[in-house]
Amino acid sequence: MKKLSEQEIESQLAKLDGWDYANGAIETSFEFKDFKETFSVMTRIAFECEAQGHHPDWSNVYNSLHIRLNTHDVGGLTGKDFKLAHSIEAIIESE
């Protein structure tokens, strides 16, 4: 898997709403009604991550979810990160 250049990252990031590029990763946060809804969405995301073989660094406190994506194997961002970010967005939008 090829590590993306800064220009490629900026181009891909422009296609995602609410995601930021910081310290070699893309990240975003979501807020839900309560813990149950948050955990439900996390479970759906977890199944998608497993299907793609790519897993986020994430944290959850009650109704908030913070997600950070990068490809540890290359020490930066790859197409896998943006593919998963788009899948996460589709899951969130379906809620």
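Draft legend 1. Expanded view of the sheet that holds strand β4 (residues 64-69). The four strands lie next to each other as β1-β2-β4-β3, forming an open sheet whose pairing is antiparallel. Because the sheet does not close on itself, it has two edges, and the strands there are β1 (20-22) and β3 (57-61). Taken pair by pair, the neighbouring strands of this sheet meet at an average axis angle of 25°, ignoring direction. Looking at chain direction, β1 and strand β2 (residues 25-31) are connected through three bridges and run antiparallel. Its bridge partner lying in β2, Asp20 is registered against Glu27.

Draft legend 2. Region of interest: the pattern of salt bridges. Per the stated rule, a full pass over the model turns up two salt bridges. We note a salt bridge from Lys2 to Glu8, for which the minimum N-O separation is 2.9 Å. Among the residues examined, Glu8 registers a relative accessible area of 30% and is labelled partly exposed. Here Glu27 makes a salt bridge to Arg68, at a shortest N to O gap of 3.1 Å. In this pair, Glu27 sits in strand β2 while Arg68 sits in strand β4, placing the two residues 41 residues apart along the sequence.

Cut-offs and rules
Residues numbered from 1 in each chain as written. Predicted model: local features only at pLDDT ≥ 70, side-chain atom pairs only at ≥ 80, totals over all residues. Heavy atoms only, no water. Pairing = 2+ DSSP bridges. Helix = DSSP H or I, 4+ residues; strand = E, 2+ residues; numbered from the N terminus. Axes fitted to C-alpha atoms, helices over the stretch in contact; angles between N-to-C directions. Salt bridge = Lys/Arg side-chain N within 4 Å of Asp/Glu carboxyl O. Buried < 20%, exposed > 50% of the residue type's maximum accessible area, 1.4 Å probe, protein only.

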